[in-house]
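If you want the building blocks of each chain, they are given just below.
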Amino acid sequence: MAAPALRAGQRRVVALGARLARFAAFEGRRQKLHEQPLEPPTKPATRLGLLAAQHERGLFQEIFPPQAAEEQLVELLEPGRPPVTVYCGFDPTADSLHVGHLLTVAGLLHFQRAGHNVIALVGGATARLGDPSGRTKERAPLPEERARENAEGLREGLRRLFDHHRELFWAGGARLGEFTLLDNASWLEREPVVGFLGAVGGHLRMGTLLSRQSCRARLGTPEGMGLAEFLYPALQAYDFLHLHRRHGCRVQLGGADQMGNIMSGYELVSKVTGEDVFGITVPLITSTTGNKLGKSAGNAVWLNKNRTSPFELYQFFVRQPDSIVKRYLQLFTFLPLPEISHIMEMHAQEPEKRGPQKRLAAEVTKLVHGKEGLESAKRCTRALYYSNIAALESMSDLELQELFREAPYIEMLYEPGTTVLDLCRKAGAVADGPKGHLDITSGGVHINHMQVTNPDAVLIAGQHILNKGLSLLRVGKRNYYIIKWLQLLQEETS
């Protein structure tokens, strides 16, 4: 059926709640009419239908266009039907994904778990223009070489997420949809400007583009909006058209701030092909102060361990307040909703154990960094917060440096008879003279989590020096120093 024309200011985007409630009711009525229940699917995600199930989790927020979705998309996504192809774009404005991207990735993964094919599209070309959505000023230009490097970083990050999901979260049995990783630079950079405008420009109306919130907000500022940013929705719409033609893509997934761009894609594809396509948004993740998490906001929690260590990612989720942890379990994990409810019931009985937060942190860290990353995060947690010497001894040099990212890493020649005071002064951890002596005697110095108060005590291997020739020195509450001992005598380390 040909898609209805989109008129500026008249197309409404509605929340999924009321419509998906009707979807679920419709499915129930149809089962009764046929007097036979639908064939039970193998995965919980499809029992209510994919849309209704993800709305219940709070993951799918808005759908567009609403009427066509109610009539067609629900049936397209039914178990037993041919798989639908869904895509989501990720602009490489940095060389790593961050926590703010996880919900769109989760949306793709839920489609994949229901047997549908998914495309993760890296915007190697569009990143150089900059998406104006949700921004109050123009992005700094992204050089071509930097865009390529960032795009490679995002491709590696997306591969890891989908590999970890397949290896660690998919039990097998039902079909796992295909995963394809693409970069729009492969077609947009080859598209002549005149040819692009001739093919696309006539189908996108100025009134509609000017009516978008992102455009109106910027045009009302002294800085205004440049042509490159203004044309961004047209390029993203062309991505949808290209993927529809080459891969049969019917659905675009994006964050809640992407609905304007999704509507432009719908308009272009439906006008050019006469076929119905759809858009779905997921919520934006915000900080406790209500600010969007991301690079531009300056509060990004990265998914690349070179930017945010597995320990730091783990702790980010462990520190989430009780008021939000249930919602995050529903959004960020694949745990069944009854299991999440049970976790919260146990939490009500023993809130001091922070069970939901630890489960949330474990599930997300395992998805992002794999089993080894999760184990590393737990070792670091035990070593730092539980003063666990065994955990400290089992940590690698790299883990220590990641854990104490701001701590100086000092290589020091070990000499027999080295005292606590010698160590502190050589590390620059205490002042020379009586002040440094007093810092130790007053209890302000710890070595490997053990308080030392005798400045003249000789360092003992196995106590002050760990098996790997490392010592963790702390002066005061937060001043850490990592000491790597060189040329340890064999008798001192045995």
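Parameters and conventions
- Residues numbered from 1 in each chain as written.
- Predicted model: local features only at pLDDT ≥ 70, side-chain atom pairs only at ≥ 80, totals over all residues.
- Heavy atoms only, no water.
- Pairing = 2+ DSSP bridges.
- Helix = DSSP H or I, 4+ residues; strand = E, 2+ residues; numbered from the N terminus.
- Axes fitted to C-alpha atoms, helices over the stretch in contact; angles between N-to-C directions.
- Left-handed = near helix turned anticlockwise from the far one by under 90°.
- Contact = heavy atoms within 4.5 Å.
- Nonpolar A, V, L, I, M, F, W, Y, C, P; charged D, E, K, R; others polar.
- Phe/Tyr/Trp six-rings, centres within 6.5 Å; stacked < 30°, edge-to-face > 60°.
- Buried < 20%, exposed > 50% of the residue type's maximum accessible area, 1.4 Å probe, protein only.
- Lys NZ or Arg CZ within 6 Å of the ring centre and 35° of its normal.
- Expected span 1.5 Å × (residues − 1).
- Salt bridge = Lys/Arg side-chain N within 4 Å of Asp/Glu carboxyl O.
- Right-handed = clockwise from strand over helix to strand, strands pointing away.
- pLDDT = per-residue confidence, 0-100.

Caption draft 1: Spatial organisation of the sheet that holds strand E9 (residues 445-447). Strands sit in the order E8-E12-E11-E9-E10 across an open sheet of five strands; the sheet is mixed. Single-partner strands in this sheet number two, and they are strand E8 (409-413) and strand E10 (450-451). By the bridge criterion, two bridges tie E9 to E10 in an arrangement that is antiparallel. If you follow isoleucine 447 over to E10, its bridge partner there is methionine 450.

Caption draft 2: Examining the packing of helix H14 (residues 322-332) against helix H16 (residues 355-385) more closely. Between H14 and H16, the shortest axis-to-axis distance is 10 Å and the interhelical angle comes to 30 degrees. As H14 runs across H16, the sense of the crossing is left-handed. Contacts between H14 and H16 involve Asp322, Val325, Tyr328, Leu329 and Phe332 from the first element and Pro356, Gln357, Arg359, Leu360 and Val364 from the second. When its residues are assigned to classes, the contact of H14 with H16 shows seven nonpolar, one polar and two charged.

Caption draft 3: Quick look at the packing of aromatic side chains. For the structure on display, the rule yields eleven aromatic pairs. Relative to phenylalanine 111, the ring of phenylalanine 60 has its centre 5.6 Å away and its plane inclined at 25 degrees; by these criteria the two rings are stacked. Linking phenylalanine 60 in the loop between helix H2 (50-57) and strand E2 (62-64) with phenylalanine 111 in helix H4 (residues 102-113), this pair joins segments that are 51 residues apart in sequence. The residues phenylalanine 60 and phenylalanine 111 share a single accessibility class, namely buried. Centre to centre, the rings of phenylalanine 316 and phenylalanine 317 are 4.9 Å apart; their planes meet at 85 degrees, and the pair counts as edge-to-face. Among the residues examined, phenylalanine 316 registers a relative accessible area of 15% and is labelled buried. By relative accessible area, phenylalanine 317 is classed as buried at 0%. Counting every residue linked through ring pairs, the aromatic cluster contains Phe316, Phe317, Tyr328 and Phe332. Across the ring face of tryptophan 302, the terminal group of arginine 307 is positioned such that the distance to the ring centre comes to 4.2 Å. One cation-aromatic arrangement involves lysine 366 over phenylalanine 169; the distance from NZ or CZ to the ring centre is 5.0 Å.

Caption draft 4: Molecular detail of unusual backbone geometry. Of note, the bond from phenylalanine 64 into proline 65 is cis; its omega dihedral lies within 30 degrees of zero at -10 degrees. Even without glycine at this site, arginine 354 takes up a positive phi of about 50 degrees. For arginine 354, the location among the structural elements is in the loop between helix H15 (337-349) and H16. The exposure class of arginine 354 is partly exposed, given its relative accessible area of 28%. In this model, asparagine 448 sits at a positive phi of 55 degrees, which is unusual for a non-glycine residue. Along the chain, asparagine 448 falls in the loop between E9 and E10. Residue asparagine 448 is classed as buried on the basis of its relative accessible area, which comes to 0%.

Caption draft 5: Just the side chain of serine 309, in detail. Looking at where serine 309 falls in the secondary structure, it is placed in the loop between strand E7 (278-282) and helix H13 (310-318). Of the residues examined, serine 309 reaches a relative accessible area of 1% and is grouped as buried. Residues contacting serine 309, with those up to four places away along its chain left out, are Glu402 and Arg405.

Caption draft 6: Here's a closer look at helix H12 (residues 259-273). Its 15 residues give H12 an end-to-end C-alpha distance of 21 Å, which sits within 8% of 21 Å, the value for a rise of 1.5 Å per residue. For H12, a buried count of eleven out of 15 residues is recorded, marking the element as mostly surrounded by other parts of the structure. When H12 is considered as a whole, its buried residues turn out to be Met259, Asn261, Ile262, Met263, Ser264, Gly265, Tyr266, Glu267, Leu268, Val269 and Ser270. Of the residues flanking the end of H12, it is glycine 274, one or two places downstream, whose phi is positive at about 75 degrees.

Caption draft 7: Local environment of the environment of leucine 176. Looking at the secondary structure, you find leucine 176 in the loop between helix H5 (144-168) and strand E5 (179-183). C-alpha separation for the pair leucine 176 and histidine 110, spaced 66 residues apart in sequence, amounts to 9.9 Å. Excluding its chain neighbours within four sequence positions, the residues that come into contact with leucine 176 are Gln112, Arg113, His165, Arg166 and Trp170.

Caption draft 8: Highlighting the pattern of salt bridges. Taken as a whole and judged by the stated rule, the model has 14 salt bridges. With a closest N to O distance of 2.4 Å, glutamate 144 and arginine 148 form a salt bridge. In this pair, glutamate 144 and arginine 148 are both assigned in helix H5, four residues apart and thus about one turn of the helix distant. Taking the relative accessible area as the measure of exposure, arginine 148 reaches 44% and is therefore partly exposed. A salt bridge links glutamate 350 to lysine 353; the nearest nitrogen and oxygen atoms lie 3.2 Å apart.

Caption draft 9: Just the pairing of strand E3 (residues 85-90), in detail. Most of E3 sits inside the fold, with five of its six residues counted as buried. Here E3 runs beside strand E4 (residues 117-122); their pairing, made up of six bridges, is parallel. Bridge pairing in E4 links tyrosine 87 to isoleucine 119. Note that the unit made of E3, H4 and E4 has a crossover that is right-handed.

Caption draft 10: Quick look at the confidence of the model for the protein chain. Residue-level pLDDT values for the protein chain average 84, and 82% of them are 70 or greater. In the model, residues 26-47 has pLDDT below 50 throughout and makes 23 contacts with residues more than four positions away in sequence or in other chains. Segment residues 489-494 is flagged for pLDDT under 50; beyond a separation of four residues in sequence, or across chains, it makes five contacts in the model.

Caption draft 11: Main features of the pairing of E7. Across the five residues of E7, five count as buried, placing the element largely inside the fold. Here E7 shows a buried face lined by Phe278, Ile280 and Val282 and a second buried face lined by Gly279 and Thr281. Where E2 meets E7, three bridges bridge the pair, whose relative direction is antiparallel. Paired with phenylalanine 64 across the two strands is glycine 279, which belongs to E7. The sheet contact formed by strand E6 (residues 249-255) and E7 spans five bridges and is parallel. Counterpart to valine 251 in the pairing with E7 is phenylalanine 278.

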